[in-house]
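Letter by letter, the chains look like this.
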Amino acid sequence: MSVAEDIVDGRSCGTCSLCCILPEIDVFDKPANSVCRHCQPGRGCLAYDERPATCRDFFCHWMTDADMNEAWEPARCHMMVYTQGPQITVLVDPAHPHIWKTEPYASQLQQWAAESAPSGGYLIVYVGDEVTVVGAKAG
Ligand code: SF4
Ligand code: SF4
């Protein structure tokens, strides 16, 4: 879990609302790829002061990892990346379903998958109902 103190200097969510849209959020019974009822895309959270801990405590990797370069800004790449235990999760905006297969993203995803594998990690890309384990051998 990332906390506010981890945010890379100079970075902010800006107009991005991907983490209020792409993930499933149990506390709101919000399915994946649907806009949270408190979210106004482009303006942010309309319940900001009352938002639950699950929202307060979450920041994607781009916000907290200085090694992720500007190409990974969610508003630009249409993806959000975060880690759950051994799993690196990449949620892709279904409006841009193929962007993760383009460069520089495809090579970086392969690299992250390869780097995490020796310690039991893996990387999964979700695009709507399509799920791909990156780095897994076919068959
Ligand atoms: S996906 Fe990342 S940059 Fe976008 S709103 Fe969420 S934490 Fe901020
Ligand atoms: S309550 Fe606010 S911060 Fe949490 S998912 Fe909804 S819009 Fe986003």
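Everything here concerns the structure above.
Just so it is clear, the model here is predicted, and its values are computed rather than measured. (Residues numbered from 1 in each chain as written. Chains lettered and ligands numbered in written order. Predicted model: local features only at pLDDT ≥ 70, side-chain atom pairs only at ≥ 80, totals over all residues. Heavy atoms only, no water.)

Trainee: Any chance you could explain the site of ligand 1 here in plain terms?
Mentor: The environment of ligand 1 is made up of Cys13, Cys16, Cys19, Cys60, Met63, Pro74 and Met80. The cavity that encloses ligand 1 is the largest pocket. Along the lines of polarity and charge, the residues of the shell around ligand 1 split into 7 nonpolar, no polar and no charged. (Near = heavy atom within 4 Å. 1 Å grid on protein atoms, 1.4 Å probe; cavity = no way out; pocket = protein on both sides within 12 Å on 5 of 7 lines; lining within 4 Å. Sits in = over half its atoms within 2 Å of the grid points. Nonpolar A, V, L, I, M, F, W, Y, C, P; charged D, E, K, R; others polar.)

Trainee: What is the right way to look at the layout of surface pockets in this model?
Mentor: If a probe as big as a water molecule is rolled over the atoms, it shows which places are left empty. Taken as a whole, the largest pocket encloses approximately 1,100 Å³ of empty space. Looking at the largest pocket, it is lined by 41 residues, and the ones nearest its centre are Cys19, Thr54, Cys55, Phe58 and Phe59. Elements with a minimum of two residues in the lining of the largest pocket: strand 2 (44-45), helix 1 (53-56), helix 2 (61-64), helix 3 (74-77) and strand 3 (79-84). No other element matches strand 3, which puts 4 residues into the lining of the largest pocket. Residue classes in the lining of the largest pocket are distributed as 26 nonpolar, 9 polar and 6 charged. What the second largest pocket holds in volume is close to 160 Å³. Along its surface, the second largest pocket is lined by 14 residues, and Leu22, Pro23, Ala32, Leu91 and Tyr126 are the ones closest to its centre. Mapped onto the lining of the second largest pocket, the elements with two or more residues apiece are strand 3, strand 4 (87-92) and strand 5 (122-127). Ranked by residues supplied to the lining of the second largest pocket, first place goes to strand 4 with 4 residues. By residue class, the composition of the lining of the second largest pocket is 8 nonpolar, 5 polar and 1 charged. (Points joined across faces, edges and corners; volume = space filled by probe spheres on them. Helix = DSSP H or I, 4+ residues; strand = E, 2+ residues; numbered from the N terminus.)

Trainee: Explanation requested: the environment of Cys13 in the structure shown.
Mentor: As for its position among the elements, Cys13 is in the segment before strand 1 (39-40). What makes Cys13 partly exposed here is its relative accessible area of 40%. (Buried < 20%, exposed > 50% of the residue type's maximum accessible area, 1.4 Å probe, protein only.)

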